[in-house]
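Structural overview
The chain contents come next:
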Amino acid sequence: MARHPVPADLIDDLNRLMAEEAEACLRYFQMRFRVRGPGAAAAGRFFEEAIKETLEHADALARQIHALGHIPALRINLTLDGASMRSGEALAEALDVEQQALDAYQEFLPRVAGDPTLEKFIREQIATETEHVEEIKHVVRTAHSLKLVTPRTAGSPKTRRP
Amino acid sequence: MDTWKEFEANELTHSAAHHLLAIHDVGLEYGGWARVSDIARALNITRGSVSINLRALKKRGWVETDAHRLVKLTASGLQIVRTVMAKRVVLETFFTDVLGVPRSQAAIDSCKIEHLISHSTGERLALFLRFLASGDAANAARASRFRRFHAKCPKSGTCEVCKGQCLVDEMKRAI
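Residues numbered from 1 in each chain as written. Chains lettered and ligands numbered in written order. Predicted model: local features only at pLDDT ≥ 70, side-chain atom pairs only at ≥ 80, totals over all residues.

Some points on the overall build of chain B
Applied cut-off: We count a stretch as a helix when DSSP gives it H or I for four or more residues in a row; a strand needs E for two or more, and each element gets its number in order from the N terminus. Atoms considered for the radius of gyration are the C-alpha atoms alone. The globule rule reads 2.2 Å times the number of residues to the power 0.38. We call a residue exposed when 12 or fewer other C-beta atoms sit within 10 Å of its C-beta, buried when the count reaches 20 or more, and partly exposed for counts in between; the C-beta positions come from the backbone. Any residue pair is listed as a contact if its two C-beta atoms, each placed from the backbone, are within 7 Å.
Within chain B one finds 9 helices and 2 strands. Start at the N end of chain B and walk to the C end: the helices and strands fall as α-α-α-α-β-β-α-α-α-α-α. Here the C-alpha atoms of chain B give a radius of gyration of 20 Å, more than 25% beyond the 16 Å that 2.2 N^0.38 yields for 175 residues. The principal-axis extents of the C-alpha atoms in chain B amount to approximately 65 × 40 × 25 Å. Here chain B, with 175 residues, has 23% of them falling under the buried criterion. Restricting to contacts in chain B with at least 6 residues of sequence separation, those with at least 24 account for 44%.

Right under this line is the structure:
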């Protein structure tokens, strides 16, 4: 069944969501080399997993945009540098990024009411992001070792993020 | 000759200045509180970038956030914004009214340096503008004459200002 045409501003917002995910991917890509001290190796694995998952999310958004008849437009303006950091600090930054992604999806949800495909997709993203945010909050709150956060095995129903 | 290092070590970076100004502008209609999404749109960057940059501003005590992740300038953050805005006005006025630079270019150039010039230089520049506008007809005439002034550089490439290297020619040759 053909889908109704989607307003241009909605495509803009989908592109923004894609930019959030792609930028988070690049941020984690660089951040893993900044972590020093206890937990650095575990943090490295943690961010490697996050790189894959944010890229998957960006890809999923790009496919949604493409399915709506548009070419994904990725607009990011980013310079990543900075000194070394402890794993706790890196996690706190990751939490900020993930929380913003969750907020962005939640704010976007009412805009796709009436489009069952997009609505389902955004709801799934919200569920995944909520899970990620809660996981990071838990790690930050309890100061558990990053070793507690392990990547899910292939074929699991949901992707995971830090 | 280490001024360039000062430029890089400037406590208020270009990015920080723009974030503070955006928070100020976005928050104007909401009692000073701004949403990260609106700040991101104003700056044309992602929300993730804004949230990371806000961490540095919070550490410096320039912004505060609430439980809903809304952002507001602190008293010191607001003072920085006021100072930057004052410098911007002074610079823009100087570029347009004194130098005769087109308004659009003046806006771009003042934006680039508003947060970099010292407070004392900004103050002197403001005083200079006041001096020109003080009602003394000779000052106004001098400023007006300057805007119409086009120097013919000597072929030798020297004059009292350039002293061996024609500065005007260097600007014209700029890549």
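Moving on from the model shown.
Brief notes about the overall build of chain A
Helices and strands together make up the secondary structure of chain A, namely 4 helices and 2 strands. From first element to last, N terminus to C terminus, chain A shows the α and β order α-β-α-β-α-α. Within chain A, the proportion of its 162 residues that are buried is 33%. A separation threshold of at least 6 residues defines the contact pool for chain A, and within that pool the share at least 24 residues apart is 79%.

Structural notes on the nonpolar core
For soluble globular proteins, the rule of thumb is that nonpolar side chains tend to be buried together. Note the threshold: Definition of nonpolar core: a set of buried Ala, Val, Leu, Ile, Met, Phe, Trp, Tyr and Cys residues joined via C-beta atoms within 7 Å.
In this structure, Met18, Phe47 and Leu61 of chain A are the most contacted members of the largest nonpolar core, which totals 32 residues. Contributing elements (two or more residues each) for this core: helix H1 (8–31), helix H2 (40–67), helix H3 (87–108) and helix H4 (116–142) of chain A. For this core, the element with the most residues is H2 of chain A, which contributes 9 residues. If near-sequence neighbours (up to four positions away) are discounted, Phe47 of chain A is found in contact with Tyr28, Met31 and Arg32 of chain A. Of all hydrophobic cores here, the second largest spans 21 residues; its members include Leu21, Ala22, Leu54 and Ile80 of chain B.

Quick notes on unusual backbone geometry
Residues and elements named next belong to chain B. Positioned with a positive phi, Asn44 is a non-glycine residue whose angle comes to about 60°. Looking at the element boundaries, Asn44 is found in the loop between helix H3 (36–43) and helix H4 (47–59). The residue Arg69 is not glycine, and still its phi comes out positive at about 65°. Among the structural elements, Arg69 can be located in the loop between strand S1 (63–65) and strand S2 (71–73). Residue Arg69 is classed as partly exposed on the basis of its C-beta count, with 16 C-beta atoms lying within 10 Å.

Points about the interface of chain A and chain B
One widely used convention gives an interface's size as the accessible area the parts lose upon coming together. To keep it simple, the criterion reads: Basically, the charged four are Asp, Glu, Lys and Arg, the nonpolar ten are Ala, Val, Leu, Ile, Met, Phe, Trp, Tyr, Cys and Pro, and anything else, Gly included, counts as polar.
Every contact between the two is made by 15 residues of chain A and, on the other side, 10 residues of chain B. Broken down by secondary-structure element, the contributors of at least two residues to the side of chain A that touches chain B are H1 and H3 of chain A. Counting residues per element, the side of chain A that touches chain B draws most heavily on H3 of chain A, at 7 residues. In the side of chain A that touches chain B, the residues fall into 7 nonpolar, 2 polar and 6 charged.

Here we look at the environment of Thr13 of chain B
Along the chain, the position of Thr13 of chain B falls in the loop between helix H1 (3–9) and helix H2 (14–27). When the C-alpha positions of Thr13 of chain B and Leu54 of chain B are compared, they lie 13 Å apart, and in sequence the two are 41 residues distant.

A look at the packing of H2 of chain B against helix H5 (residues 75–98) of chain B
Residue and element names in this part refer to chain B. The following threshold applies: In this description, a line fitted to the C-alpha atoms serves as the axis of each element, helices being fitted only across the stretch in contact, and the angle between N-to-C directions of two axes falls anywhere from 0 to 180 degrees. What sets the label is the angle itself: under 35 degrees gives roughly parallel, over 145 gives roughly antiparallel, 65 to 115 gives roughly perpendicular, and the rest give oblique.
Two numbers describe how H2 lies on H5: the axes approach to 10 Å, and their chain directions differ by 100°. Regarding the angle of H2 to H5, the classification is roughly perpendicular. Along its contact with H2, which presents Ala17, Leu20, Leu21 and His24, the element H5 presents Gly77, Ile80, Val81 and Val84. In the contact of H2 with H5, the residues fall into 6 nonpolar, 2 polar and no charged.

So, the packing of H2 of chain B against H3 of chain B
All names here are of chain B. For clarity, the cut-off: Whether a crossing is left-handed or right-handed is set by the direction in which the near helix is turned from the far one by less than a right angle, anticlockwise for left-handed and clockwise for right-handed.
Here H2 crosses H3 at 120°, and the two axes come no closer than 9 Å. It follows that H2 is oblique to H3 by the angle criterion. Viewed along their axes, H2 and H3 form a crossing whose handedness is right-handed. Mapping the contact onto sequence places His18, His19, Ala22, Ile23, Asp25 and Val26 in H2 and Asp38, Ile39, Ala42 and Leu43 in H3. By residue class, the composition of the contact of H2 with H3 is 6 nonpolar, 2 polar and 2 charged.

What to know about the confidence of the model for chain A
A low pLDDT score tells you not to read the predicted coordinates there in detail. Operational definition: For every residue, the pLDDT score states the predictor's confidence, bounded by 0 at the bottom and 100 at the top.
Of the residues in chain A, 85% have a pLDDT of 70 or more, and the chain-wide mean is 85. The secondary structure element of chain A with the lowest average pLDDT is H4 of chain A, at 88, and the one with the highest is H1 of chain A, at 95.

Considering H2 of chain B
All names here are of chain B. In plain terms, the rule: Expected span of a helix, by definition, is 1.5 Å for each gap between consecutive residues, and there is one gap fewer than residues.
Under the 1.5 Å per step criterion, the end-to-end length of H2 is 20 Å for 14 residues, consistent within 8% with the ideal 20 Å. For H2, the tally of buried residues reaches 10 of 14 residues, placing the bulk of the element in the interior. Residues of H2 that are buried: Ala16, Ala17, His19, Leu20, Leu21, Ala22, Ile23, His24, Val26 and Gly27. On the buried face of H2, the contacting elements are H3, H4, S1, S2 and H5.

Notes on the confidence of the model for chain B
Across chain B, the average pLDDT comes to 88, with 94% of residues at or above 70. When mean pLDDT is compared element by element in chain B, S2 of chain B scores highest at 97, while H1 of chain B scores lowest at 55.

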